Amino acid sequence: MAFKINPDECVGCGVCKENCPVECIKMEGDKCFINADECVECGTCAANCPASAIKAE
Ligand code: SF4
Ligand code: SF4
């Protein structure tokens, strides 16, 4: 399983980046991206994304 941000749905609010416990989300331009190598799959980002842009695959 891996958490992924859909760039077509991300509105660039930064909420996921602010709340990730291992700080593995980076903002590039107006989109956020998850570093899968560091993600501990806690699900916090997906639970708090206002655009529901983060899915577990
Ligand atoms: S919380 Fe959702 S909409 Fe906001 S930056 Fe993260 S992925 Fe994008
Ligand atoms: S699932 Fe948890 S560790 Fe992974 S990117 Fe989201 S908040 Fe960070």
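Summary of the structure given here. Quantities reported herein were computed from a predicted structural model and do not represent experimental measurements. (Residues numbered from 1 in each chain as written. Chains lettered and ligands numbered in written order. Predicted model: local features only at pLDDT ≥ 70, side-chain atom pairs only at ≥ 80, totals over all residues.)

### Thoughts on the overall build of the chain
To keep things clear, this is the line we draw: Helix numbers and strand numbers start at the N terminus; a helix is a DSSP run of H or I with at least 4 residues, a strand a run of E with at least 2. This radius of gyration counts C-alpha atoms alone. The globule rule is 2.2 Å times how many residues there are, raised to the power 0.38. Here a residue counts as buried when 20 or more other C-beta atoms fall within 10 Å of its C-beta, as exposed when 12 or fewer do, and as partly exposed in between; the C-beta atoms come from the backbone. By definition, residues are in contact whenever their C-beta atoms, placed on the basis of the backbone, come within 7 Å of each other.
Looking only at helices and strands, the chain features 2 helices and 4 strands. Starting at the N terminus, the α and β elements of the chain follow one another as β-α-β-β-α-β. Over its C-alpha atoms the chain spans a radius of gyration of 10 Å, differing by no more than 12% from the 10 Å that the globule rule assigns to 57 residues. Projected onto the principal axes, the alpha-carbon positions of the chain cover approximately 25 × 20 × 15 Å. For the chain, buried positions account for 18% of its 57 residues. Partitioning the contacts of the chain with sequence separation of at least 6, the portion at a separation of at least 24 is 58%.

### Examining the environment of Cys16
With respect to the secondary-structure elements, Cys16 resides in helix 1 (residues 15-19). Overall, Cys16 belongs to the buried group, with 25 C-beta atoms counted inside 10 Å. Separated by 33 residues in the primary sequence, Cys16 and Cys49 have C-alpha atoms spaced 6.3 Å apart. Setting aside its immediate chain neighbours within four residues, Cys16 contacts Ile25, Cys32, Cys45, Asn48, Cys49 and Ile54.

### Considering the site of ligand 2
Let me state the cut-off plainly: Residue proximity rests on one test: whether the C-beta atom, placed from the backbone, lies within 6 Å of the molecule or strand. By the convention adopted, Pro, Cys, Tyr, Trp, Phe, Met, Ile, Leu, Val and Ala count as nonpolar, Lys, Arg, Asp and Glu as charged, and the other residues, Gly among them, as polar.
Lining the immediate surroundings of ligand 2 are 13 residues, of which Cys20, Cys39, Cys42, Thr44 and Cys45 lie closest. Residue classes in the shell around ligand 2 are distributed as 10 nonpolar, 2 polar and 1 charged.

### A word on the nonpolar core
Filter applied, for reference: A set of buried residues drawn from Ala, Val, Leu, Ile, Met, Phe, Trp, Tyr and Cys, joined through C-beta atoms within 7 Å, is what defines a nonpolar core.
Judged by nonpolar contacts, Phe3, Ile5, Cys16, Cys20, Ile25, Cys32, Cys45, Cys49, Ala53 and Ile54 together constitute the single largest core of 10 residues. Apart from the residues within four sequence positions on either side, Cys49 is in contact with Val15, Cys16 and Ile54.

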